[in-house]
Amino acid sequence: MTEQKQFEMATKIKDGYIQKQPDKLDELKALNDKVKTPPTALAWVLGILGALVLGVGMCICLGVLVKNLLAVGVVVGCVGIAVMIENVFIYKAFLKARKAKYSAQILQIADQICAPED
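Residues numbered from 1 in each chain as written. Predicted model: local features only at pLDDT ≥ 70, side-chain atom pairs only at ≥ 80, totals over all residues. Heavy atoms only, no water.

A. Representation of the overall build of the protein chain. The helix and strand tally for the protein chain stands at 3 helices and 0 strands. Element order for the protein chain, N to C, with α for helix and β for strand: α-α-α. Taking 118 residues into account, the globule formula puts the C-alpha radius of gyration at 13 Å, and the protein chain, at 25 Å, lies well above it. Restricting to contacts in the protein chain with at least 6 residues of sequence separation, those with at least 24 account for 73%. (Helix = DSSP H or I, 4+ residues; strand = E, 2+ residues; numbered from the N terminus. Rg over C-alpha atoms; globule rule 2.2 N^0.38 Å. Contact = heavy atoms within 4.5 Å.)

B. Quick look at a nonpolar patch on the surface. Judged by side-chain polarity, V56, L62, V64, L65, V66, L69 and V72 come together as a nonpolar surface patch covering roughly 610 Å² of accessible area. Along the chain, the position of V56 falls in helix α2 (residues 24-62). (Patch = residues over 30% accessible without salt bridge, like charges linked within 9 Å, V, L, I, M, F, W, Y side chains within 5 Å. Areas by Shrake-Rupley, 256 points an atom, 1.4 Å probe, with all protein chains shown as cover. Salt bridge = Lys/Arg side-chain N within 4 Å of Asp/Glu carboxyl O.)

C. Local environment of the pattern of salt bridges. This model, assessed by the stated rule, comprises 1 salt bridge. Note that K20 and D26 form a salt bridge whose closest N and O atoms lie 3.5 Å from each other. Residue classification places K20 among the exposed positions, given a relative accessible area of 64%. (Buried < 20%, exposed > 50% of the residue type's maximum accessible area, 1.4 Å probe, protein only.)

D. Focus on α2. If you check α2, its first and last C-alpha atoms are 57 Å apart, about what 39 residues at 1.5 Å a residue would give, namely 57 Å. Regarding α2, the residues found buried are L28, L31, V35, P39, A43, G50, G57 and I60. Looking at the buried positions of α2, the neighbouring elements they touch are α3 (70-114). Once α2 ends, the next one or two residues include G63, with phi positive near 80°. (Expected span 1.5 Å × (residues − 1).)

The following block contains the structure:
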């Protein structure tokens, strides 16, 4: 291994052990993640549950789970479809509420970052 590669590797390892002081940009990114993560997680959970309910309804319609219950299967499938459709509106409302809650902090930090230094 060349001396240059050894130096680069040692520097990379050293950088992993240095305690980095968080700056305003890190704080802004953390707040942005705090706003977006819960609605996104809820959207994933509701989307998966809706798809599973739709799948169960399809299985009932096809007679895989229960025989001769086509109407029940259609109703269960429609419930799954409704959950997936409502998921979009729930996500948007939840995200809007989170943005309203944290917007003052985010805008204040963003203004501090973007403000010209005199």
